[in-house]
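# Structural overview
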Amino acid sequence: MKNFMMKFWRKILIAGFGVLVIITLVFNAMLIRQTTYEEGSQHLDELSGQIASSIEKQSRGQWNMLDVFYKYFVDLSNNDWTVLSSYIQEKKEDFGFDSLCVVDEDAMYYDREKSFSLLSNTEVTTKLLTDSQPIILDNMLSTEGRLIFLIPIEKQIIEGKTVCALGVVYNSKNLFDILNIQAYDGEVMMYIIHQDGVALFRSNQENVITGYNLVNSLEDAEFKRGSLEAFRDNIRSGHQELMTVHLGDREYYLNHTPVEVDDWKLVTMVPVDVVSGRLMWSSMVTFFCMFLIGALIVVAFILLYSDSTRKILRAEETARKAAESANESKSQFLSNMSHDIRTPMNAIIGMTKIAQDHIDEPAKVKDSLKKIDLSGRLLVGLINDILDMSKIESGKMVLNNDAASLVEVMQNLVSITQPTVLGKKQVFNIRLHNIRHESLIFDTIRLNQVMINLLGNAVKFTPEGGSISLDVAEETTADEKLAHLIFKVSDTGMGISKEFQKNLFTSFTRERDSKIDKIEGSGLGLAITKMIVTMMGGTISVESEPGKGSIFTVELDLPVAGAPEEMRIPAIRVLVADDDPETCRSAAVYLQEMGARADIAYGGREAVDMAKEAAKNGDEYQIIFLDWRMPDLEGTDTAREIREVVGEDVPILIISAYDWSGIEVEAGEAGINGFIQKPFFKSTLYHNIQKHYFRSEWEQPKKELKQNALVGKRLLLVDDNEINLEIAQELLSYTGALVDTAHDGREAVEHFEKSPVDYYSMIFMDIQMPVMNGYEATKAIRQMERADANRVLIFAMTADAFAEDIELAKRMGMNAHFAKPLDMPAILKEISKFVSENEVQQNEKR
Amino acid sequence: MKKDNKNFLAVMCMLVVLGTLGGCTAQSSGADEDKLTITVTCNSSLDHFAASVEERFPDIRLVQDCYTGKYRISEYIARVEHNDFGDIIMVKAGHIPKADMSDQLIDLSTQTIPANFNANALQSDEYGHINFIPGPLSFNCNIYNKTLFEENDWAVPQNYDELLALSREIDQTGIRGFRNSYFDSASQSYQIYQYCVFSALDTLTQVEGQNWHNKLMSGEKVSLEPMETAFQDMQHMMDNGAVRVDDMDVTLNANLEAMAKREVAIGSGEIDHIWMLNTSSEDEFCFMPHFSMTDGQGWLLNLGYYFGANKELKQPENEKKLKAVMEILNFIASEEGQELLVEDELGMMPATIGAEIPDDPVLEQIRTQIESGRYIMRPTFDMFSSVLGTEIGAFIRGETDSKAILEKCSLILEQGSPAVQALGEAEDDFSIMETGCLKADALRAATGTDVALIGISETDGYDPVGGIRTKLYKGAVTEDDIIRVSQIQVDTPLMSMSTSVTGEELLALLEYGATSEKEQQNGEVSMFHPFAVAGLKLEYHSEKDEGKRVSDVKMEDGSKLEPDSVYTLSYIKGVFPEGQFSETETGISMTDAFRDYITTEKRVAPDKKRIRRK
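Residues numbered from 1 in each chain as written. Chains lettered and ligands numbered in written order. Predicted model: local features only at pLDDT ≥ 70, side-chain atom pairs only at ≥ 80, totals over all residues.

## Topic: the overall build of chain B
Across its full length, chain B holds 21 helices and 23 strands. Split into buried and exposed, the 614 residues of chain B put 51% on the buried side. (Helix = DSSP H or I, 4+ residues; strand = E, 2+ residues; numbered from the N terminus. Buried ≥ 20, exposed ≤ 12 C-beta atoms within 10 Å, placed from the backbone.)

In structure tokens form, the structure reads like this:
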């Protein structure tokens, strides 16, 4: 039932609403009918009441008149009938009756014209003569509508008759004319009837009931409200009730009102449509309006419902498709991952097997180990991507913003990208445009990650011989504290289809194409990139055309780290030669800003010519920057020729995006004083001019990692996994450290406990271990009462690289956290911080 | 169920009537067959009225289903009890209280018809239902021989005392001054009738008397003391020689005959009687009022006829007939219709409001009473008939007194009337022809003849000699049934005759059929009127010519009717014209023969195979 309700609740709601509307309309119709009925009843009651009252009044007049006559008659001393008769004759016109009459003790009626026996009339014999009650006779003696009002009197002998009753003959029209009213458009029918239903008088209207007995004539009529029996009973009891009766093709209100005269009742019949016509009409109009409104509401509801249902269905469909897509992507991802992970794993296992089989063949073993190393790195890369994604999605990734040099980032990118670019014989250009701020606040690692991802993809998806470029531009912003940087990574690769561009930044997606099926990757790179950019408050977009290449644009607003360095030099003359116009232009701008006079040459030959021309003019260039690779004349050749012109004092520097280690000797021979790596910043130019022209020493700040920071240090390595233990021990031993091992926390604690103070400089502690885990062991060590308990450096080593693990490790007293597999350079870098800090602290203590 | 049975019976009876009508109207034209047949059940013929209806309503054919005799109360009751009446029923005023027909008749108060009459002339129940509308005013009055009065200078009496004085005076001349019939038969007691006349004149002419009678009729327990007055009057009349023991042997007809013969100067009767007297006698007879001993004044006894409509007409399938019947009733309620009924001797003048008293010399002495409404209904005292039927005779003979009689009446009021004794039982309803055959069986059995023949009355008032339009109904057969089936006049039994005829002569009698007195006088028959037979089996062909109307005649035992063989034959006296053949009075009345047959047989059933009709 509940399921049914849940399933069909909308239909049930609509049906319920419809029923409610119908009920309301029906109720309204009934209310209208009832109101009409009550209104009609009230009007008819009032009308009938007034008419009945009027008839009663007139009848009372007749009785009063008879009393007057009787008194006059009694006062006559001689009971002379003729005297009374004459008196009445005189008064006849005044009183409006036709004649005087008497009834004798034998029920004989006498008036001026005739006599008639009323013996067979029980009204006369019983009521008048026996019970001495006044009566009114009708439909007697004539057809002319005569009413005979009779009152009993004391017996009087008149002309030999014993008279017992005195009366007047009255034309009923005088009494009942009031019934001929024109109310209700003249359609009201009024009847005076006796209690048994016999009609005494009918109004002039065209009567629908012509029967002698009005009540009995209704026997075949259809009572819509009330019944004939109830009507009969009401007439007898005097209870008033408006009924409706169908006669012919019309419906009538049927009402009766007791008239306090004899047993008379006033019966009124009016067509319902006449009484309630207007009210009914207006009510019906209202009813139909309500009906229409109700219908419109229902229609509107249905339309809205349909529309919203469609929308909901569409949304549901979209969500379903998205979910399906997500599922599909996830499934696809898992499938890919499965494939991508298995592939290096297979390689590792396979190569290991090959190495084992050819253990005596060093070349074969070396080759296998190289491939195992490559596969291992690929595997780690994949896992790192997944972990990054997981971190970002769970909100656990936090940016480590700090003052950093954009120059370093660029140099790092060059050094990282260069080897693969060269390997694929691709052209790689990095161009800077109006970079005003070189020192900014950002997370170096994450910005590196973004750019490496983008450049890595560019390299990956660009075929051999293609070109890749990175353009970094700074745009002015309203806020001086922010530098708006635009990074554009362009390639001439295969491009991305429009359709795939939509899902480009979605997790677990990678365009399937026969061309790239060979390309490994998690498909998370761009998703991670976008998330990092978003975290940094920037945007990333892509423009691409399949077959032509892609341009990824990252825009970031990075805070400026302090005021830029003041870079002013005297107005020396500088020549910059590069076949890349943008590099030339950029360099010229920087130089001019510094105060130098810069000239640009777009090729080696042009540079030589300009140098010659300058020398000829006696305005020699005081420092010359030459691109290494220029199409017409290589940098070294150009330098050689210029050197011949300018002499030995003028510094000539080579600009190159490539590793120049291979040409150092040749460069020296050609008279080249030094190298500048592309991309060069303003500061790069400035510092090189300072160095080579002004001969002032300037050293780039270096935080060179001391590879031998652990030399001579004693370490305790704790891991329950023998392989891990062995690997870690081996890697650490390369650093020159002395490594002890322990297989669980307790053993580590015992080792530490038994060792002399400061015996161990640091402990590398696995977390998940039997007997005693890493947290407990750390806690136990920190709680020991020995001088080095808190001093000894304890580093966590876990496969879980989540924030909470790191946080927990720190809470437990560990100094840092390293993820497995161990990245020795990163470890050494981190360790060096603690070692130097520890040393400082120890020195201070000393 | 009972009602259903009644309805079924009614329908069956209607079919029988219509079947009979079909047989009787076999020679009628095709136009007649298209007409709507409306049947009026009446106890005297309405020829003038019927003729006018035919003329006024061309689409209606009014068929009179007349049962002979105005005073056949038992026949009326039998028919009403068995719902055996037509679309319209005509009822004599005095018969209305005998049977409650409120469930069998249409309420006419829903029509405009009652408005044509004075409210006093309409009888209605407490709900104003009206089952009957009145026919013309008809009075029972004293009738006097005006010629004789004028010859003897007898003044027409103006009050009770003058009547008695004149009666005594006339008695001195050898002519009976005042006499009425006091003959008593099993089903109609003129002794009770005359007593009721006294009671009407002496008691119901008074306000107190009316009130008393109303209470008595409504079932209230009342003192019977007001009935004493009528006995006093009767006694007074007896003391004055106006009522005598011998009068109990005088039938109504005998008294009328005596009046015509100047043997009686003053009697009583109705308009048809006076017309009969004025027709049959050279003297002129006129009405004078009855006189009340109580107030001495002249009063008339209101009789007349009433008309009602069968409730079966309310059935949906009878819509057309209902409309036609209402048209006829409207016509009856008109002054013109009433005048036509006056012509049919149903009354003296229209009962409609405003109708004028006809300028007829016979009414001269009662004009005042008519004008002033000095007419009253005669009480019937049906509840006391078992006592009054015998005790009034005893009172006239001086064998009992009024006190003893009224004590017996009081006892009836307390204990109720004694149960009616059944003489036999009818196993099924009989048709008129089957009833005739049963009577023939009774006559044959009583007379011991080979064959018996009985004439059968037909519609529109055709009565062959000895024929009666009556039936025996399923159930108990009482003395009332014996009389109503056997006698035309309740006070006059039919006597039987016997003769011997050859087979050929018998066949000729059957071929000629029954005849009415009028046909016998004319010497020809209007159409073939088949006999009911006993001792024979035969087949009638009513539409064929004489000589071919009867076939397959066999004796009761299945033997052939031999033309030359002699067969004894019994029949009602007068069935065959006097002198047609040698005949012998058997001295056996039809009534006795039928009573004996029923008493002997106990159970009788209609013989449906005896007569076949084609």
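## Some thoughts on the overall build of chain A
Of regular secondary structure, chain A possesses 24 helices and 29 strands. Within chain A, buried positions represent 35% of all 846 residues. A separation of at least 24 residues holds for 63% of the contacts in chain A among residues at least 6 apart in sequence. (Contact = placed C-beta atoms within 7 Å.)

## Some details on the sheet that holds strand S10 (residues 243-247) of chain A
Residues and elements named next belong to chain A. Pairing in this open sheet of six strands is antiparallel, and the strands run S8-S7-S12-S11-S10-S9 from one edge to the other. The open sheet is flanked by strand S8 (199-202) and strand S9 (222-225), the only strands paired with a single partner. Looking at each pair of strands side by side, their axes are set apart by 30° on average, direction ignored. Relative to S8, strand S7 (residues 189-193) runs antiparallel, the two being bridged by three bridges. Following the sheet pairing, Tyr191 is matched in S8 by Arg202. Each of S7, strand S11 (250-258) and strand S12 (265-271) is contacted by helix H2 (residues 9-75), which is oriented at about 45° to S11, the strand it contacts most. In this fold helix H7 (residues 228-237) packs onto S9, S10, S11 and S12, with an angle of close to 20° to the strand it touches most, S11. (Pairing = 2+ DSSP bridges. Axes fitted to C-alpha atoms, helices over the stretch in contact; angles between N-to-C directions.)

## Things to note about the packing of helix H4 (residues 73-81) of chain B against helix H18 (residues 479-486) of chain B
The packing of two helices is summarised by the inter-axis angle and the distance between the axes. Residues and elements named next belong to chain B. At their nearest, the axes of H4 and H18 sit 9 Å apart, and the two run at 110° to each other. Our classification of the angle between H4 and H18 gives roughly perpendicular. Two secondary-structure elements touch here, H4 through Ser74, Glu75 and Ala78 and H18 through Asp480, Asp481, Ile483 and Arg484. Its residues placed into classes, the contact of H4 with H18 shows two nonpolar, one polar and four charged. (Parallel < 35°, antiparallel > 145°, perpendicular 65-115°, else oblique. Nonpolar A, V, L, I, M, F, W, Y, C, P; charged D, E, K, R; others polar.)

## Side note on the interface of chain A and chain B
Contacts between chain A and chain B engage 30 residues on the former and 30 residues on the latter. Among the elements of the structure, strand S3 (115-117) and helix H4 (122-128) of chain A are those that each provide at least two residues to the side of chain A that touches chain B. Here the side of chain A that touches chain B is built from residues that sort into eight nonpolar, 17 polar and five charged.

## Examining the packing of helix H21 (residues 745-754) of chain A against helix H22 (residues 774-782) of chain A
All names here are of chain A. Contact geometry for H21 and H22: axes closest at 8 Å, N-to-C directions at 20°. If you check the angle between H21 and H22, you find them roughly parallel. Between H21 and H22 lies a crossing of right-handed hand. Between H21 and H22, the residues in contact are Gly745, Ala748, Val749 and Phe752 and Gly774, Glu776, Ala777, Ala780 and Ile781, respectively. (Left-handed = near helix turned anticlockwise from the far one by under 90°.)

## Thoughts on the confidence of the model for chain A
All names here are of chain A. Averaged over all residues, the pLDDT of chain A equals 80, while 87% of them reach at least 70. Here helix H24 (residues 824-845) is the element of chain A with the lowest mean pLDDT, 66, and strand S17 (residues 482-491) is the one with the highest, 92. Low pLDDT (under 50) marks residues 512-519, which in the prediction has four contacts with non-local residues, meaning those over four places away or in another chain. (pLDDT = per-residue confidence, 0-100.)

## As for the pairing of strand S20 (residues 573-577) of chain A
All names here are of chain A. Summarising burial for S20: four of the five residues are buried, a large majority. Following the chain from S20 across helix H15 (residues 581-594) to the adjacent parallel strand S21 (residues 597-601), one finds a crossover that is right-handed. Pairing of S20 with strand S22 (residues 623-627) involves four bridges; the strand directions are parallel. From the neighbouring strand, Val574 faces S22, where its bridge partner is Ile623. (Right-handed = clockwise from strand over helix to strand, strands pointing away.)

## Notes on the environment of B:Pro134
Residues and elements named next belong to chain B. Secondary-structure assignment places Pro134 in strand S4 (residues 133-134). On the neighbour-count criterion, Pro134 (27 C-beta atoms within 10 Å) is buried. Leave out the neighbours within four places in its chain, and Pro134 touches Phe117, Ala121, Gly304, Tyr306 and Ala351.

## Describing the nonpolar core
Nonpolar side chains tend toward joint burial in soluble globular proteins. Of all hydrophobic cores here, the largest spans 192 residues; its most connected members are A:Val103 and B:Ile133. Take this core: its biggest share by element is ten residues, from helix H7 (residues 190-204) of chain B. For this core, the domains that each give at least three residues are domain 1 (2-136 + 304-347) and domain 2 (139-302 + 375-415) of chain B. Not counting residues within four places of it along the chain, the set of residues in contact with A:Val103 comprises A:Met108, A:Tyr109, A:Leu118, A:Val124, A:Leu128, A:Leu150, A:Cys164, A:Ala165 and A:Gly167. A:Val414, A:Met451, A:Ala587 and A:Phe625 belong to the second-largest nonpolar core, a separate cluster that totals 89 residues. (Core = buried A, V, L, I, M, F, W, Y, C linked by C-beta atoms within 7 Å. Domains from an automatic or database assignment.)

## Points about the sheet that holds strand S29 (residues 816-819) of chain A
Residues and elements named next belong to chain A. The five strands are arranged S26-S25-S27-S28-S29 in an open sheet whose pairing can be described as parallel. At either margin of the open sheet sits one strand with a lone partner, and together these are strand S26 (738-742) and S29. This sheet shows a mean twist of 25° between the axes of neighbouring strands, independent of strand direction. Direction of pairing for strand S28 (residues 793-798) relative to S29: parallel, over a ladder of four bridges. Of the residues in S29, the one forming a bridge with Met797 is Phe818. Contacts between H21 and the sheet are confined to strand S25 (714-718), S26 and strand S27 (762-766), with S25 contributing the most and set at about 160° to the helix.

## What about unusual backbone geometry?
The phi angle at A:Asp758 is positive, at roughly 65°, despite the residue not being glycine. Its identity as a non-glycine residue notwithstanding, B:Asp153 has a phi of 55°, on the positive side. Mapped onto the fold, B:Asp153 is located in the loop between helix H5 (146-151) and helix H6 (160-171).

## Concerning the environment of A:Thr130
Position of A:Thr130 relative to the elements: it lies in the loop between H4 and strand S4 (135-137). Put simply, A:Thr130 and A:Glu105 are 25 residues apart on the chain and 9.6 Å apart in space, counted from C-alpha to C-alpha. For A:Thr130, the residues in contact, after removing those within four places along its chain, are A:Thr125, B:Val207 and B:Asn211.

## Side note on the confidence of the model for chain B
Residue and element names in this part refer to chain B. Mean pLDDT over chain B works out to 87, with 93% of the residues at or above the 70 mark. Under a pLDDT of 50 for its full length, residues 1-30 has, in the predicted model, 26 contacts with residues more than four places off or in other chains. Two numbers describe this predicted complex: its pTM, 0.59, and its ipTM, 0.79.

## Examining helix H21 (residues 590-601) of chain B
With twelve residues, H21(B) extends 16 Å from end C-alpha to end C-alpha; this agrees with the ideal 16 Å at 1.5 Å per step. Looking only at H21(B), the buried set comprises B:Met590, B:Thr591, B:Ala593, B:Phe594, B:Arg595, B:Tyr597 and B:Ile598. (Expected span 1.5 Å × (residues − 1).)

## Notes on the environment of A:Ser733
The residue A:Ser733 is located in helix H20 (residues 722-733) in this model. When the C-alpha atoms of A:Ser733 and A:Val711 are compared, they prove to be 8.9 Å apart, with 22 residues separating the residues in sequence.

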